[in-house]
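An overview of the molecular structure
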Amino acid sequence: MSPQRVTRVLVVENNIQAVKTFRKLLSLIENIEVIDFITTAQEALEMVSETKPDVMLVEEHLPDIDGISFTEIIRRDYPATQVIIVSQDKHYDTVLRALRNGASDFLAHDVSIGEFREAILRASELAARERVSYSPYATVENRSELPELGMRADVITVYSPRGGSGTTTIANNLALALRDNESQIALIDACLQYGDVDILFNELGRLSLMDLTPIAYDLDPKVVKECMILHRSSGLYLLAAPKHPVISEALSGEQICRVLEYTRNLYNHMVINTSSYINESTLAALDLADLIVLVGTQEIACIKSLRSFLEVWDSLGMKRDRLMLVINKYRAESPLTTKKISETLNHPVELFIPEDQESALRAANLGNPLMISNPNADISQAIAELADRVKKKLPTLQSEQRFRLFMKAQ
Ligand SMILES: Nc1ncnc2c1ncn2[C@@H]1O[C@H](COP(=O)(O)OP(=O)(O)OP(=O)(O)O)[C@@H](O)[C@H]1O
Ligand SMILES: [Mg+2]
């Protein structure tokens with residue numbers, strides 16, 4: 001924290017012992033101005049509107065409202081003010097509810113000075129950043145609103161307008177093929193109904209995009225990273241699909257975009273798995289992508305769907321350079337040759353991935369993707385080639401146009 005900046009702290013706590021502890025701990029941190037110690041949310045609301053604190057310590061069990069619901073009100077009406085919830089209940093559901101409601105941290109009554117100091121300083125940093133940059137509509141161009149976290153992933157979205165074409169198989173193995181000794185890679189499951197990325201890596205995700213979108217404008221690297229699963233044998237970071245299918249989407253593409261845009265600042269490459277169903281989540285993943293791997297198969301119905309998708313793409317005035325068309329489950333004997341497909345779609349086929357049902361099925365059922373379990377399989381070799389081409393193409397695409405459905409154009 002800069003020596004000049006004073007952090008103004010309001011404590012809303014009705015536990016006498018905790019008040020004593022916090023008074024002492026706050027006196028030990030430099031550049032803190034304690035606004036007041038008060039005991040009810042009602043009093044706190046009046047004081048917040050007058051003083052707009054940087055940081056609030058809020059007891060979970062207040063006499064007039066529970067502290068976590070109160071946090072939501074504060075964060076909605078005073079977005080720059082950071083709230084630290086104080087509670088003895090460190091149960092997972094309580095912590096998650098606090099974070100979802102916008103709390104920046106969660107502390108016990110008997111917190112150590114080190115932990116307390118760290119939480120206050122972190123909240124103070126966030127408050128300072130939010131004061132300068134808070135806006136409910138972040139845009140890619142307005143980068144000052146997003147954290148400077150040192151990295152900026154290339155985003156590769158894998159999409160097919162036809163279900164079952166192999167989108168997830170390709171996304172998973174492509175993420176693996178992009179690995180090198182230095183890069184950190186995130187694989188995001190943006191398929192909100194029946195996404196299966198975690199299962200295919202023999203993992204079980206607890207948290208998903210659905211847990212991050214409600215706090216899309218209050219994200220913190222720690223919270224995002226806590227939602228990711230580290231797949232130990234590969235080093236990939238996975239964000240699983242929701243545990244239960246999302247039927248009515250209470251979230252907007254703009255929120256999803258914001259979460260993805262934030263998350264890309266924590267990794268070097270980001271691969272997004274999508275569902276063929278065009279919904280807010282799919283559109284957000286297409287919107288944000290630097291490059292889209294468009295997956296098709298040698299089936300008439302699939303080619304028809306690809307053509308419809310390309311028509312939409314063209315009608316939005318998008319350039320096709322960002323689309324890499326890949327034919328999966330390729331069979332040389334099929335009458336629908338890659339040449340015919342290219343002609344029909346008026347788009348080149350970048351490469352094909354051969355059909356190998358047995359290997360694909362075995363890898364899926366073992367939860368061990370082909371790129372790890374069978375790197376010499378023809379499918380793996382083709383996806384390794386795809387990864388090389390993706391890497392070569394990405395630097396040429398930086399200035400290409402986007403859908404800009406959720407992010408403002410320059
Ligand atoms: N090259 C391939 N050869 C043979 N089978 C494959 C190949 N690629 C994927 N498959 C198999 O096809 C099936 C569908 O694959 P996958 O789940 O990756 O498709 P998807 O497009 O993600 O499907 P969904 O629309 O259900 O999300 C799986 O059984 C998978 O093992
Ligand atoms: Mg899939």
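In short, a report on the structure. (Residues numbered from 1 in each chain as written. Chains lettered and ligands numbered in written order. Predicted model: local features only at pLDDT ≥ 70, side-chain atom pairs only at ≥ 80, totals over all residues. Heavy atoms only, no water.)

A closer look at the overall build of the protein
Where we set the bar: What counts as a helix is a DSSP run of H or I of at least four residues, what counts as a strand is a run of E of at least two, and both are numbered from the N terminus. Three exposure classes are used, based on accessible area relative to the maximum for each residue type with a 1.4 Å probe and protein chains only: buried under 20%, partly exposed in between, and exposed over 50%. Any pair of residues with heavy atoms lying within 4.5 Å of one another is described as a contacting pair.
Each helix and strand in the protein was counted, giving 16 helices and 13 strands. For the protein, the proportion of its 410 residues judged to be buried stands at 55%. Taking contacts inside the protein between residues at least 6 apart in sequence as the whole, the part at least 24 apart equals 76%.

With respect to the sheet that holds strand β12 (residues 323–330)
Spelled out, the test is: Strand pairing requires that DSSP identify at least two bridges connecting the strands. The axes are straight lines fitted to the C-alpha atoms, using for helices just the contacting stretch, and the angles between their N-to-C directions are given from 0 to 180°.
Strand order in the open sheet formed by eight strands is β8-β9-β7-β10-β6-β11-β12-β13, and the pairing between neighbours is mixed. The sheet is open, and its two borders are formed by β8 (229–231) and β13 (349–354), each paired with just one other strand. Ignoring strand direction, the axes of neighbouring strands in this sheet form an average angle of 25 degrees. Summarising the sheet, β8 and strand β9 (residues 236–239) pair through three bridges and their orientation is antiparallel. The residue of β9 that forms the bridge with I229 is L238. On top of the sheet, helix α6 (residues 167–177) reaches β6 (154–159), β7 (185–189), β9, β10 (269–273), β11 (291–296), β12 and β13; it is set at about 155 degrees to β6, its chief contact. Helix-sheet contacts for helix α12 (residues 300–315) involve β6, β11 and β12, and the interaxial angle to β11 is about 150 degrees.

A look at the sheet that holds strand β4 (residues 82–86)
The strand order across the open sheet formed by five strands is β2-β1-β3-β4-β5, and the pairing between neighbours is parallel. The outermost strands of the open sheet, each flanked by one partner alone, are β2 (32–38) and β5 (105–107). Going from strand to strand, the sheet's axes swing by 20 degrees on average, the running direction of each strand aside. Across the face of the sheet, helix α3 (residues 67–77) comes into contact with β3 (55–59) and β4 while running at roughly 180 degrees to β4.

Some remarks on the side chain of E59
Threshold: Counted as positive: Lys and Arg. Counted as negative: Asp and Glu, with His and the chain ends omitted from the count. Salt bridges are defined by distance alone: a side-chain nitrogen of Lys or Arg within 4 Å of a carboxyl oxygen of Asp or Glu. Each polar contact in these results corresponds to two N or O atoms within 3.5 Å; when the atoms are within protein, one needs to be able to donate a hydrogen and the other to accept it, and residues that are neighboring in sequence are counted only if both atoms are side-chain atoms.
Examined against the element boundaries, E59 turns out to sit in strand β3. It turns out E59 is buried and unbridged, and the closest side chain with the opposite charge, R97, is 11 Å from it. Within the structure, the side chain of E59 is placed 2.7 Å from the side chain of H109, a separation counted as a polar contact. Residue contacts for E59: discarding those within four places in its chain leaves V12, E13, N14, G67, V86 and H109.

So, the environment of T7
Within the element layout of this structure, T7 appears in strand β1 (residues 7–12). The class for T7 is buried, based on a relative accessible area of 1%. Separated by 28 residues in sequence, T7 and I35 place their C-alpha atoms 9.8 Å apart. A polar contact of 2.8 Å, which involves the side chain of T7, links it to the side chain of S124.

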